[in-house]
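Reading the structure
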Amino acid sequence: MTPRQSPSSGTAAPAPSPDPTSPVYRDAYSRINGVVVVGEGLADRHFRLLARAIPEDGAELLRLGAMEGRHARDFIGCGANLGVRPDAALAKQLFAPLHALFQECDSAGDLAGCLVIQCLIVECFAVAAYRAYLPVADAYAQPITAAVLADEAEHLNYGEQWLQARFAEVGDAVAAICRRGLPVTLRILQAVAADMRAIGMDPADLVGSFCELFEQSLATIGFSATEARRLVFRSVATVPLG
Ligand SMILES: [Fe+2]
Ligand SMILES: [Fe+2]
């Protein structure tokens, strides 16, 4: 027997906005803010390493790194505004495999691998995450997040241009590093999926947006749409959000 339904059932009521002053929100925010602050700090380090590895673009890469350092400080301010300190210990643990992969590429002189990790993976991750956060951000964090988003698009663009110009030589290396880098990145999202929900974000939307952005980047640098979709899909399928 079908239960009786009210006339309004079938239309999901909008979820109430989470209260940024509640203990549940602040607890979740400490881990999300940790991922953001540590991710920005790591991006700063990666751009400094890239500046050394690509000296002809050194000044430009140091400029991009300095932007990441500012982003980290701005997001620490967003946490402080809510009386929250970032959970850096957890975030460092979550980012460790991706950073190790960057260091491995850097040590091996695999510039394409370094650029895929920082400028495609980390930057697509940042753009997708900040786009998802923007509509639910508190009034203090909202304009900061909007300004950071514009910067991240510039960083993504640097990597796309570099890889596009050398696609014939680096295409296979790009695909290889995607297969290793995408699953470890998605595992970061998986680890904080419940915290994202607690602050009003939809982790499934974020993953969808990340995959779309990443596929677009792969197509921009030279992969066919089918190759790009296959590369992303195979990596995502290994990491269920739960
Ligand atoms: Fe950034
Ligand atoms: Fe960035």
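A brief structural summary. Values in this document were obtained by computation on a predicted structure and should not be read as measured data.

Conventions used here
- Residues numbered from 1 in each chain as written.
- Chains lettered and ligands numbered in written order.
- Predicted model: local features only at pLDDT ≥ 70, side-chain atom pairs only at ≥ 80, totals over all residues.
- Heavy atoms only, no water.
- Helix = DSSP H or I, 4+ residues; strand = E, 2+ residues; numbered from the N terminus.
- Rg over C-alpha atoms; globule rule 2.2 N^0.38 Å.
- Buried < 20%, exposed > 50% of the residue type's maximum accessible area, 1.4 Å probe, protein only.
- Contact = heavy atoms within 4.5 Å.
- Areas by Shrake-Rupley, 256 points an atom, 1.4 Å probe, with all protein chains shown as cover.
- Lys, Arg positive; Asp, Glu negative; His and termini not counted.
- Charge placed at Lys NZ, Arg CZ, Asp CG, Glu CD.
- Donors = N, O, S within 2.8 Å, 3.2 Å for Na, K, Ca; no water.
- Expected span 1.5 Å × (residues − 1).
- Arc of directions from axis to C-beta.
- Phe/Tyr/Trp six-rings, centres within 6.5 Å; stacked < 30°, edge-to-face > 60°.
- Lys NZ or Arg CZ within 6 Å of the ring centre and 35° of its normal.
- 1 Å grid on protein atoms, 1.4 Å probe; cavity = no way out; pocket = protein on both sides within 12 Å on 5 of 7 lines; lining within 4 Å.
- Points joined across faces, edges and corners; volume = space filled by probe spheres on them.
- Salt bridge = Lys/Arg side-chain N within 4 Å of Asp/Glu carboxyl O.

So, the overall build of the protein chain
- Within the protein chain, the regular secondary structure consists of nine helices and zero strands.
- Taken from N to C terminus, the helices and strands of the protein chain fall in the order α-α-α-α-α-α-α-α-α.
- At 19 Å, the protein chain has a C-alpha radius of gyration in line with the 18 Å of a compact globule built from 242 residues.
- In terms of its C-alpha atoms, the protein chain occupies a principal-axis envelope of roughly 65 × 45 × 30 Å.
- Across the 242 residues that make up the protein chain, the buried fraction comes to 48%.
- Pairs at least 24 apart in sequence give 81% of the contacts found in the protein chain among residues at least 6 apart.
- Total accessible area on the protein chain is roughly 11600 Å²; 56% of this is exposed by carbon and sulfur atoms.
- Separation between the mean location of the 20 positive side-chain charges and that of the 27 negative ones in the protein chain comes to 5 Å.

Observations regarding the side chain of Asn33
- Tracing the sequence through the fold places Asn33 in helix α1 (residues 23–53).
- Residue classification places Asn33 among the buried residues on the basis of a relative accessible area of 2%.

Quick word on the coordination of the iron ion (ligand 1)
- Protein coordination at the iron ion (ligand 1) comes from Glu40 (OE), Glu40 (OE), Glu68 (OE), His71 (ND1) and Glu152 (OE), with a distance range of 2.0 to 2.7 Å.
- The sequence motif formed by the donor residues of the iron ion (ligand 1) is E-x27-E-x2-H-x80-E.
- A gap of 3.5 Å separates the iron ion (ligand 1) and the iron ion (ligand 2), which Glu68 links by coordinating each metal. Placement of Glu40 in helix α1 and of Glu68 in helix α2 (residues 58–81) is noted, with a sequence separation of 28 residues between them. Neither residue differs from the other here; Glu40 and Glu68 are each classed as buried.

What about helix α9 (residues 225–236)?
- Under the 1.5 Å per step criterion, the end-to-end length of α9 is 16 Å for twelve residues, consistent within 8% with the ideal 16 Å.
- Residues of α9 that are buried: Ala228, Leu231, Val232 and Ser235. All buried residues of α9 lie within an arc of 90° about the axis, which places them on one face of the element. In α9, those exposed residues whose orientation departs by more than 90 degrees from the buried face are Phe233 and Arg234.
- Summarising the contacts, the buried residues of α9 are in contact with α6 (167–191) and α8 (203–221).

What about the packing of aromatic side chains?
- Applying the stated criterion across every chain yields a total of seven aromatic pairs.
- When the ring of Tyr29 is compared with that of Tyr133, the centres are 6.4 Å apart and the planes differ by 50°; the resulting orientation is tilted. Residue Tyr29 is found in helix α1, and its partner Tyr133 is found in helix α4 (residues 111–133); the two are separated by 104 residues along the sequence. No difference in accessibility class separates Tyr29 from Tyr133, as the two residues are buried.
- Counting every residue linked through ring pairs, the aromatic cluster contains Phe95, Phe125, Phe210 and Phe214.
- The ring of Trp162 carries the charged tip of Arg166 above its face, separated from the ring centre by 4.0 Å.

Considering the coordination of the iron ion (ligand 2)
- Coordination sphere of the iron ion (ligand 2), protein contribution only: Glu68 (OE), Glu123 (OE), Glu123 (OE), Glu152 (OE) and His155 (ND1), at 2.0 to 2.3 Å.
- Look at where the donors of the iron ion (ligand 2) fall in the sequence and you get E-x54-E-x28-E-x2-H.
- Assessed through its relative accessible area of 1%, Glu123 is described here as buried.

Looking at empty space enclosed by the protein
- Under the counting rule described, the total for this entry stands at one cavity of 30 Å³ or more.
- Mapped onto the lining of the largest cavity, the elements with two or more residues apiece are α1, α2 and α4.
- With eight residues, the top contributor of residues to the lining of the largest cavity is α1.

Focus on the pattern of salt bridges
- Enumeration according to the criterion identifies seven salt bridges in this entry.
- Of the charged contacts, one joins Arg31 and Asp27 as a salt bridge, the two residues approaching to 2.9 Å between their closest N and O atoms. Taken together, the residues Arg31 and Asp27, both in helix α1 and four residues apart, mark about one turn of the helix.
- Across the pair Asp44 and Arg48 runs a salt bridge, and its minimum N-O distance is 2.8 Å. Of the two residues, Asp44 and Arg48 both sit in helix α1, four residues apart, roughly one turn of that helix.
- Each of Asp27, Arg31 and Asp195 takes part in one network of salt bridges that share partners.

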